[in-house]
Amino acid sequence: MNDLRQAAQYTSNGIEEKWYKEWEESGYFAPDGDGEPFVITLPPPNVTGVLHMGHCLSNSIQDVLIRWMRMRGRETLWIPGTDHASIATEQIVSKQLRAEGIDKHELGREKFLDKAWEWKEHTHGVITNQLRRLGCSLDWSREAFTMDQQRSDAVSKAFTDLFERGLIYRDLYLVNWCPHCLTAISDDEVEHKEKESKLWRINYPLVDGSGHITVATTRPETMFGDTAVAVNPDDPERKHLIGKMVKLPLTTREIPIIADYHADPEKGTGFVKITPAHDPNDFEVGRRNDLERVICMDERAVMNDNAGKYSGMDRFACRKAVLADLESEGFYDGDEKNINQVGHHDRCHTIIEPYLSRQWFLKMDELAAPAVSAVQDGTIKLHPERWVGVYDNWMGGIRDWCISRQLWWGHRIPVWYCQECGQEICGSEEPSACSKCNSTDLQQDNDVLDTWFSSWLWTFSPLGWPNGAEDLKKYHPTSVLVTGPDIIFFWVARMIMASYGFMNEEPFREVLFHGIVRDGDGRKMSKSLGNSPDPIELIDKYGSDALRCSLMMLTPTGQDVMFSEDAIEVGRNFCNKVFQATKLVLNYWDQTGIDAPKGDSSSANAQLSVAADGPAALWRETFGVDSPVEFDAENMELEDCWILNRLAETTDQVNENLEKRRLNDALYSAYNFFRHDLCDWYLELIKPRLRDDDLRPAASGVAVLCLAHSYKLLHPFMPFITEELWSWLPSAEGSIMTSSFPVSNGTVYKERANRFDRVKEIVTVIRNLRSELDVPPGLRGSAILRADRAETESLAQDLERIAFLSKLEDVSVVVGGEDPSPAGVGLAGKIDVFLPMEGLVDVEKEKERLTKELGKLEGFISGSRKKLDNENFTSRAPEQVIDREKKQLKDNEDKADAIRQLIASFDS
């Protein structure tokens, strides 16, 4: 017998590794099936270390969809891959070299790249192991890397095509510059943080000696790059100064006062210092007015010779020195507190410097147009729909994309410069000679492309573009992209643009945005913050199924997840519940002595349907072989009908929610069926039948069917435990992965199921009464049901079930008559439920207890009423606080009324 079946608690040790190896070696992850393929390309994790909890959530969602579709018979393909992550990887490798006392630039580009590839190989193994441990059913034979040869060819082809179409250009432009990483970054890589600073006022003397003007700035250190002061031409108080010259403080330079509508008379002092090389708005003013661009700091944000005696100072040290000198020389005119949004690099968190640099750009307007239409007309659906507006707003204001980075690790820009004639040559392959002068003295551009320039090709480059035709034709467009909304602009929008730009079709048909996994402080879990637990440690401790189940149950569609390790207890406890229920049922099945024939599960259709032979037909449809149990379909027990009805309803709910991408609701439906319907009600009720030799086969047979279908419904969410337990079932043959996912052709045994729901409602009322009256569990007592004459006959058939489930000696039913007293009273639909207290409750002690409880409630009620009558409270408290107080008052009033009625019943 299986060793695990002897265990007191479920453990995943050895189970997960065994089954993943079996799946992978059996080729189950390769595309196979009929109909339209269902395809996902894995959002490639960065080769910068290990996966975090956000990856676990995203990859679990993708695996749920893939496994569900695979079991539905669709040809499924989930393509794995990793991303080279140019900036992040270069940072890590450079830091490692510095720790060894090695300077990156002294080492040289080629040897540095060798080190980067070594790092990539190491982390790649860690990441792929994590994906396997999580249970991701990826087709590893198709694994891609954004810098492998195939993807590198695709990047070169994309750049060359766009260059030839006139969409890529090189220009001297003000870019977001990271002084730490020494590279330009795109607008989307800038993280704005609110900072408290100051707005400093500086007097600029008029050259003609007639006085001074005052400018206000948050960055006085950039004044050495000033080439003008702007005044709004419609400003009546200041426009007379247009054309005059002012002296630039702390320098010998003179600059003009110019007219430009950028200056706002109502903002600041009305005078705006213009620094075209260090401010994006000033850059545009400079272009309109043909101003000189004076760069006053270098690429490390250190002041250069244009800053005079401040040359060599860090920008912030320079700020302090400049402010001190302005004050000592009489130019300082005071300051005021100022709150502004300061841009930081989202990778290293360094404050960004607007910097004038020659960079490569991609024009976006032409590419954006079809991408906007695809979302607006529903060709591509976004889940949840609220992201459509966010997408449209961003696309409407899209700017050209700065695609060059001053790094070594990445796709080197495929442009060469002739050192003889200056000719610029772009091509997918290195040219042998200059196309203009035939010189062989060619130098490739030193910059690399933005990481996202390879990632935006990700739906079609892993399928062989631009060379492969067969896979592209069969598997593109892909079906769904699963990702977080934090990269809707970085990646999602760009992938849509790329697919229309190169494939003339959508990259995917829907995008499912999941929430962001956050820690207890509400911060996004990430490697950089160090607040994400190692998923492998959690899997080792709790099991992959427990982690996946817990994450999915915590995650309503599109909403953020507040994660803590304690939350995994939900998944672990559920795994153990499934395990214990399976042991219970199979132990009784083994006692039947039935030798069940093995079937072909892969040919079974798992239809839940009403058939003449009832569960026998379901057995055949589930396992692909005739039932070894003789079921009496004409005289099925009430609870058997009910549980099969609930199984059909749950099947419909799971499929419907998965279709609507409400994975959280789908899992809850399957969870509630197993945990509550099957375990709390059905298995509890059939225990007497399981102990009876004659009744055991049919009861355990229906229970086995419920287990089998539960495993199937749960398999996409919890693949390992369901595969293991499936293999224990009689008649089960082959992998659950290749069996059919349950579907239902409608409700079954509905009338009898409704009758059992009435039993449940009555039992629930009795259990609540026992709890309210504080009846000890060992005391059994009796209950009385009062119903219409029409209901008494059917109720009489169920009294034994009600008594067993309520832990009572007996239950009787009456028509009319007086209320028994003293008794607990409840209502189940139209049926009065009485629980006589005699023999169960010491009436006087219970009256004393209830009277004390009533006194406490009346104190709470009095306090709530005073608070709600207090105008100071109702006029100042937030609406939700007032509503909460009103609800608490109503709940306490209802409880007090119930207790008063109960106390009154003691004396009647």
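So, here's what we can say about the structure. (Residues numbered from 1 in each chain as written. Predicted model: local features only at pLDDT ≥ 70, side-chain atom pairs only at ≥ 80, totals over all residues. Heavy atoms only, no water.)

**A word on helix α2 (residues 53-71)**
Cut-off, in case you're wondering: Elements are defined by DSSP. Helices are runs of H or I of four residues or more, strands are runs of E of two residues or more, and each kind is numbered from the N terminus. A helix is expected to reach a length of 1.5 Å times the quantity of its residues less one. Here's how the labels work: a residue is buried when its accessible area is under 20% of the maximum for its type, exposed when over 50%, partly exposed in between, all with a 1.4 Å probe on protein chains only.
In this model, α2 (19 residues) spans 27 Å end to end at C-alpha, consistent with the 27 Å of a helix rising 1.5 Å per residue. With respect to burial, α2 is a largely interior element, 19 of its 19 residues being buried. Of the residues one or two after α2, G73 is the one with positive phi, at around 90 degrees.

**With respect to the pattern of salt bridges**
Basically, it comes down to this: A carboxyl oxygen of Asp or Glu within 4 Å of a side-chain nitrogen of Lys or Arg is what we treat as a salt bridge.
If you walk through the whole model with that rule in mind, you get 62 salt bridges. We note a salt bridge from D680 to R675, for which the minimum N-O separation is 2.9 Å. The exposure class of R675 is partly exposed, given its relative accessible area of 26%. Members of the salt-bridge network, linked through shared partners, are E637, E639, D640, R689, R755, R758, E791, D798 and R801.

**Some words on the nonpolar core**
In a soluble, globular protein the nonpolar side chains are often hidden away together inside. Just so we agree on the cut-off: Among buried residues, those of type Ala, Val, Leu, Ile, Met, Phe, Trp, Tyr and Cys that are joined through side-chain atoms within 4.5 Å constitute a nonpolar core.
In terms of nonpolar packing, the biggest core is built from 154 residues, with F623 and L729 touching the most fellow members. Counting residues per element, this core draws most heavily on helix α19 (residues 663-685), at 13 residues. Of all hydrophobic cores here, the second largest spans 60 residues; its members include V372, I398, Y475 and M503.

**Concerning the pairing of strand β5 (residues 168-178)**
The two faces of the sheet receive side chains in turn, since in a regular strand these alternate between them. To keep things clear, this is the line we draw: Here a strand pair is declared whenever DSSP counts at least two bridges between the two strands.
Note that β5 and strand β14 (residues 353-362) share ten bridges and pair antiparallel. Considered in β14, the bridge of D171 is made with Q359. The pairing of β5 with strand β6 (residues 183-185) spans three bridges and is antiparallel. What sits directly across from C178, in β6, is T183. Counted between consecutive antiparallel strands, the loop separating β5 from β6 contains four residues, among which L182 sits at a positive phi close to 55 degrees.

**Things to note about the state of the cysteines**
Definition in use: Cysteine sulfur atoms that pair up within 2.5 Å are treated as a disulfide.
Counting across every chain of the model gives zero disulfides. Left without a disulfide partner, C178 is nearest to the cysteine sulfur of C348, which lies 3.4 Å away. The exposure class assigned to C178 is buried, which follows from its relative accessible area of 0%. The closest cysteine sulfur to the non-disulfide-bonded C641 is located on C706, 12 Å from its own sulfur.

**A few points about the sheet that holds β5**
Pairing within the open sheet is antiparallel, and its four strands lie in the order β6-β5-β14-β16. Either end of the sheet is taken by a strand with one partner, and the two such strands are β6 and β16 (401-402).

**Here we look at helix α17 (residues 615-623)**
For α17, a buried count of eight out of nine residues is recorded, marking the element as mostly surrounded by other parts of the structure. Where α17 is concerned, the buried positions are P615, A616, A617, L618, W619, E621, T622 and F623. Looking one or two residues past α17, G624 carries a phi angle of roughly 75 degrees, positive in sign.

Shape is all these values report; function is a separate question.
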